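An overview of the molecular structure
Spelled out from the first residue to the last, the chains are:
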Amino acid sequence: MNINTEGQGMKLLEILECSPPLTREPLDAEQAAGVARAFKALGDPVRLRILSVVASRAGGEVCVCDITDAFELSQPTISHHLKVLKEVGLLTSERRASWVHYRLVPGTLGELSALLALPASGPASGPAGGSAPSLPAAAAAVPR
C-alpha cells in the first residue's frame, strides 16, 4: 500500500495538535499561517465540494475517476484542486494500478473545527455576555 502524505500536511497536523482553541489563547504567527492555509484551501467552492464528495462516500474513499465525473471541469483542474487539498493535509491518496484513490486525513477536519469551537460561556461569548451571532446571521451581515 502506497499512502502519500505531503510534508505540508503533516506540518499542519502538528500545528493543529498544538494549537489551543482561539478562545483559550492567541495563536502564534506559525500556527496562524498553517491554519490559514487550510482555511484558504477550504475557501474555494470546488475544493469544498471535492472534500464533501470524499467525506460523504461510503467507506470514506473515492477514486479520482469518480471525483472527475462529479464536476464539469477538466482533469488537470481537478488534479490541481486535489493537490492543494493534499498539501494542506486534508486529503491523502493511494495509487492502485492506474487509478488514485483519495480519502480524508483522519482528524484534520475535527481539529480545525475544535480550533473554532466556542465555549458555552466565557470571555469570547460576545458583548455583555451575549452569544456570538450564528454563522448564517454573521454571513448575512458581510457586505458582498
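Please refer to the structure higher up on the page.
Residues numbered from 1 in each chain as written. Predicted model: local features only at pLDDT ≥ 70, side-chain atom pairs only at ≥ 80, totals over all residues. Heavy atoms only, no water.

Looking at the pairing of strand β3 (residues 91–96)
- Relative to strand β4 (residues 99–104), β3 is paired through 6 bridges, and the arrangement is antiparallel. Paired with T92 across the two strands is R103, which belongs to β4.
- Between β3 and the antiparallel strand that follows it, β4, lie 2 residues; A97 among them carries a positive phi value of about 55°. (Pairing = 2+ DSSP bridges. Helix = DSSP H or I, 4+ residues; strand = E, 2+ residues; numbered from the N terminus.)

A short note on a nonpolar patch on the surface
- Taken together, the side chains of L22, F39 and L116 define a hydrophobic patch exposed on the protein surface, amounting to about 250 Å² of accessible area.
- Looking at L116, the relative accessible area reads 46%, which means it is partly exposed. (Patch = residues over 30% accessible without salt bridge, like charges linked within 9 Å, V, L, I, M, F, W, Y side chains within 5 Å. Areas by Shrake-Rupley, 256 points an atom, 1.4 Å probe, with all protein chains shown as cover. Salt bridge = Lys/Arg side-chain N within 4 Å of Asp/Glu carboxyl O. Buried < 20%, exposed > 50% of the residue type's maximum accessible area, 1.4 Å probe, protein only.)

Let's talk about helix α2 (residues 29–42)
- Taking 1.5 Å per residue as the helical rise, α2 with its 14 residues ought to reach 20 Å, and the 20 Å between its terminal C-alpha atoms agrees with that figure.
- Here α2 has its buried residues at Q31, G34, V35, A38, A41 and L42. Angular distribution of buried residues about the axis of α2 spans 115°; they occupy a single face of the element. Facing away from the buried side of α2, by more than 90 degrees, are the exposed residues A29 and K40.
- Measuring from the side-chain oxygen of the N-cap residue of α2 to the backbone nitrogen of E30 gives 3.1 Å; that N-cap residue is D28. (Expected span 1.5 Å × (residues − 1). Arc of directions from axis to C-beta. Polar contact = N/O pair within 3.5 Å; in protein donor to acceptor, adjacent residues only side chain to side chain.)

Describing the pattern of salt bridges
- According to the stated counting rule, one finds 6 salt bridges in the structure shown.
- Close ionic contact of D66 with R57 constitutes a salt bridge, the shortest N to O distance being 3.5 Å.
- Using a relative accessible area of 34% as the deciding quantity, one classes R57 as partly exposed.
- The network of salt bridges with common partners includes E61, E94, R96 and R103.

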